[in-house]
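A closer look at the structure
Here's the letter readout for the chains.
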Amino acid sequence: VTQERAERTWDFQRLTPLSSFEIAAGKFLGAPVFAWFLFACLLTAALLSLAFSPSVYGDFLSRYALGLSVALLSMAAGLLASAYDETGGSGMGHLSGPLVGLAGAVTLNSAFRYADSMGRLNPQLVTFYGQDLGPVSSVLFLAATFLAFGAWAFLGARYRIGRDLLERKRAWRLPAFLVFLAWYITGFEHAAPRTASLPLTALILPGLAAYMASFLSCEQREYWRRWLAGENPERRLDDAPAWLKGSVPMIGIAVVLYLVYGLGALDAVKAQGRLYLLLPLFLLRDLMFLQWCRFSASRRPEMMALAYLALAYALPLIILLPTKMTGVLPAFVPYANGSLGAAANFAGPLAQVLVMGYLLRAKIKAALN
């Protein structure tokens, strides 16, 4: 889809008599047709080997259930990312492909390792909000959730391909997904505070989703001019920039997680609770810098923002860690220093957010006047 956007053939396909579901299904099933062919060829050999060793059918079924569900989720996530990519093949759309593939490969490897643990004496069972699942239920639960997320991503791509820009109430899709993702991940880490750790993944994964959504959108000067000049308040909410729809719920998610887990944590990990407030500050700073780059004269603002943000996180680590100057790390990277007070941990990122907000406001006024 990203390649077709670059070749200016994507909009032509949307004008055909095909429905949005048919277009999305064609991309979903037709693009990886060679992979489906390889799978069909290897499945025959797998079934033949299973016939000679029927004792491993449990491992066979668990591996294929998890493998297929992860593969479908990765394909749907790639379709969703390409459907929302408005950069015209300038780099971010092509970069999202390897990122989705890397995430899918890591998830697939973890799923296979989990399937292997089912055959051991002490299998690693799923615990979701204190509910212990059995070996079969654990595999079915993971496979079902992978398929549910994949269906969610496919429907999101279908809406985008179809009449997404004409729909109302679409402003709540990204916030609702981020809140649900945080709730889902928290279920696996619900017992983390009792094991001297905090459920930070429940904040990190929604943050990554907000990053992807913000970088794939292309809301430059003309978009902001139309959005700010909108006469219908309801339509203005629907057309809100993606980085606003991602950063606002992230702040709410962080506050809820901090109140539930950070305040009552053990003294040994209480300093980690500050990360619930540090991570949204850095996220907000990065997304405001991304929007600032879009108002600049750069031909590829998303790639420019990504390069500068990578340097902003890498250089402090390269310079400060060898010199043991960890006391100033919270000002540059999401790092909670337990030897410093809360004000010292939050002063640096909060100051950067305020400065970046002022610069972005000035840039918007200069660009739209």
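These numbers were taken from a predicted model, which means no experiment stands behind them. (Residues numbered from 1 in each chain as written. Predicted model: local features only at pLDDT ≥ 70, side-chain atom pairs only at ≥ 80, totals over all residues. Heavy atoms only, no water.)

**A look at the overall build of the protein**
Looking only at helices and strands, the protein features 15 helices and two strands. For the protein, the proportion of its 369 residues judged to be buried stands at 39%. Across the protein, every contact between residues at least 6 apart in sequence was considered, and the portion connecting residues at least 24 apart equals 72%. When the accessible surface of the protein is summed, it comes to about 19,900 Å², and 69% of that surface belongs to carbon and sulfur atoms. (Helix = DSSP H or I, 4+ residues; strand = E, 2+ residues; numbered from the N terminus. Buried < 20%, exposed > 50% of the residue type's maximum accessible area, 1.4 Å probe, protein only. Contact = heavy atoms within 4.5 Å. Areas by Shrake-Rupley, 256 points an atom, 1.4 Å probe, with all protein chains shown as cover.)

**A closer look at the pattern of salt bridges**
This structure, assessed with the given rule, holds two salt bridges. Here Arg-285 ties to Asp-286 by a salt bridge, and the two come within 2.8 Å at their closest N and O atoms. For the pair Arg-285 and Asp-286, a shared accessibility class is recorded, and that class is buried. Across the pair Glu-302 and Arg-294 runs a salt bridge whose closest N-O atoms are separated by 3.0 Å. Each of the two residues, Glu-302 as well as Arg-294, counts as buried. (Salt bridge = Lys/Arg side-chain N within 4 Å of Asp/Glu carboxyl O.)

**Quick word on the confidence of the model for the protein**
Here the protein averages 82 in pLDDT, and 89% of its residues register 70 or above. Confidence, read as mean pLDDT per element, is least for helix α11 (residues 233–238) in the protein (72) and greatest for helix α13 (residues 275–294) (90). (pLDDT = per-residue confidence, 0-100.)

**As for a nonpolar patch on the surface**
Taken together, the side chains of Ile-251, Val-255, Val-256, Leu-259, Val-260 and Leu-263 present a nonpolar region at the surface, about 510 Å² in accessible area. Along the chain, the position of Ile-251 falls in helix α12 (residues 242–262). (Patch = residues over 30% accessible without salt bridge, like charges linked within 9 Å, V, L, I, M, F, W, Y side chains within 5 Å.)

**A short note on the packing of helix α9 (residues 201–216) against α12**
The contact between α9 and α12 brings their axes to 9 Å, and the two run at 175°. Regarding the angle of α9 to α12, the classification is roughly antiparallel. Across the interface between the two elements, Ala-202, Leu-203, Pro-206, Gly-207, Ala-210, Ala-213 and Ser-214 from α9 touch Ala-242, Trp-243, Gly-246, Met-250, Ile-253, Ala-254 and Leu-257 from α12. A per-class count over the contact of α9 with α12 returns eleven nonpolar, three polar and no charged. (Axes fitted to C-alpha atoms, helices over the stretch in contact; angles between N-to-C directions. Parallel < 35°, antiparallel > 145°, perpendicular 65-115°, else oblique. Nonpolar A, V, L, I, M, F, W, Y, C, P; charged D, E, K, R; others polar.)

**Notes on the environment of Leu-257**
Within the secondary structure layout, Leu-257 lies in helix α12. A relative accessible area of 5% places Leu-257 in the buried class. Note: C-alpha distance between Leu-257 and Leu-203 (54 residues apart in sequence) is 8.1 Å. Leaving out residues up to four positions away in the same chain, Leu-257 has contacts with Thr-186, Ala-202, Leu-203, Gly-262 and Tyr-276.

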